[in-house]
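Chains, contacts and geometry: an overview
Here are the chains, one letter per residue:
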Amino acid sequence: MSDHLNFTILNIYFKKYRETLKHTIEALKILGKIRKDVYHISLMNEIAIHYFLGNTDVVLSKLASYKRIIAKGDIMFGFEKELPTYLMAIFNNPQDIDLYTKLFELLNRSLEEEGKQIARSYIALFYLKPI
């Protein structure tokens, strides 16, 4: 499980998105009931990876699925309730640098308040950038 998450982040850094997706999918298969926090990170990473790959329809589908999970109250991080709104704004206006700044501020503030800064290095959303 940890290896898949580490390979996900490493491959994102090297912009090997297809390889990243393979590891993310494997992590999601394993994580469902073992580590919900890492499962949620992997869900966020999957959305980011499809964004990098330019799979707009898949991004929107994964985001809709993620919203349903959140609506059920399955939340591991404080920022998750607001995350879909921020991501939709970015996907609708991908060249607006301010939207990315606001997203990163939300993530950092929430992780700091919850004492979960360690998760920061595993969240691929921090790699999002204007197209």
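First things first, this report covers the structure right here in the doc.

The rules behind these values
Counting of residues starts from 1 at the beginning of each chain's written sequence and follows it residue by residue. Residue-level local features of this predicted model are given only where pLDDT is at least 70; pairs of side-chain atoms are given and counted only at 80 or more, and the full residue set underlies all totals for whole chains, interfaces and linings. Heavy atoms throughout the structure, all of them, feed into the side-chain values; hydrogens and water do not. Note on aromatic contacts: the rings of Phe and Tyr and the six-membered ring of Trp form a pair at centre separations within 6.5 Å, being stacked when their planes are under 30 degrees apart, edge-to-face when over 60 apart, and tilted otherwise. A simple rule labels every residue: compare its accessible area, found with a 1.4 Å probe on the protein chains alone, to the largest value its type can have, and call it buried under 20%, exposed over 50%, or partly exposed in between. Counting from the N terminus, the helices are DSSP H or I runs at least four residues long and the strands are E runs at least two residues long. Put simply, a charge is over a ring when the Lys NZ or the Arg CZ is close to the ring centre, within 6 Å, and near the line of the ring normal, within 35 degrees. One less than the residue count of a helix, multiplied by 1.5 Å, gives the span that helix is expected to have. The arc refers to the directions leading from the helix axis to the C-beta atoms. The criterion used for residue contact is that any of the two residues' heavy atoms lie within 4.5 Å. A pairing counts as a salt bridge when a side-chain nitrogen of Lys or Arg comes within 4 Å of a carboxyl oxygen of Asp or Glu. Two distance rules govern patches: like charges are joined within 9 Å, and nonpolar side chains (Val, Leu, Ile, Met, Phe, Trp, Tyr) within 5 Å, applied only to residues with over 30% relative accessible area and no salt bridge. For every accessible area listed, the method is Shrake-Rupley and the probe measures 1.4 Å; residues are considered covered only by the protein chains on display. Take the buried Ala, Val, Leu, Ile, Met, Phe, Trp, Tyr and Cys residues and link them wherever side-chain atoms come within 4.5 Å; each set so joined is a nonpolar core.

1. Looking at the packing of aromatic side chains
Summed over the entire model, instances satisfying the criterion amount to 6 aromatic pairs. Ring centres of Tyr13 and Phe14 lie 5.2 Å apart, and the angle between their planes is 80 degrees; on these two criteria the pair is classed as edge-to-face. Judged by its relative accessible area of 57%, Tyr13 falls in the exposed class. Aromatic pair Tyr17 and Phe52: ring centres 4.8 Å apart, planes at 20 degrees, arrangement stacked. Taken together, the positions of Tyr17 in helix α2 (residues 17-31) and Phe52 in helix α3 (residues 36-53) put the pair 35 residues apart, joining distant regions of the chain. Feature note: the residues Tyr17, Tyr51, Phe52 and Phe91 constitute an aromatic cluster, connected by ring pairs. Above the face of the Phe77 ring, Lys116 is positioned so that its terminal group lies 5.0 Å from the ring centre.

2. As for helix α4 (residues 56-71)
End to end, α4 covers 22 Å across 16 residues, agreeing with the expected 22 Å (1.5 Å per residue, within 8%). Residues Val59, Leu63, Tyr66, Ile69 and Ile70 constitute the buried set of α4. The buried residues of α4 occupy an angular sector of 115 degrees when the element is viewed end-on, so they sit on one face. Facing away from the buried surface of α4 by more than 90 degrees, the exposed residues are Asp57, Arg68 and Ala71. In the core, the buried residues of α4 are packed alongside α3 and α5 (83-92). Gly73 lies just past α4 and shows a positive phi near 90 degrees.

3. Let's talk about the pattern of salt bridges
In total, this model carries 6 salt bridges according to the counting rule given. Here Glu114 ties to Lys116 by a salt bridge, and the two come within 3.4 Å at their closest N and O atoms. The class of Lys116 is partly exposed, set by a relative accessible area of 28%.

4. Some thoughts on a nonpolar patch on the surface
On the surface, a cluster of nonpolar side chains totalling about 530 Å² of accessible area is made up of Phe7, Leu10, Tyr13, Phe14 and Tyr127. With respect to the secondary-structure elements, Leu10 resides in helix α1 (residues 2-13). Given a relative accessible area of 41%, Leu10 falls into the partly exposed group.

5. Some thoughts on the nonpolar core
Of all hydrophobic cores here, the largest spans 39 residues; its most connected members are Phe79, Leu83, Leu87, Ile123, Leu125 and Leu128. Secondary structure elements with two or more residues in this core: α1, α2, α3, α4, α5 and α6 (97-114). Looking at which element gives the most residues to this core, the answer is α3, with 9 residues.

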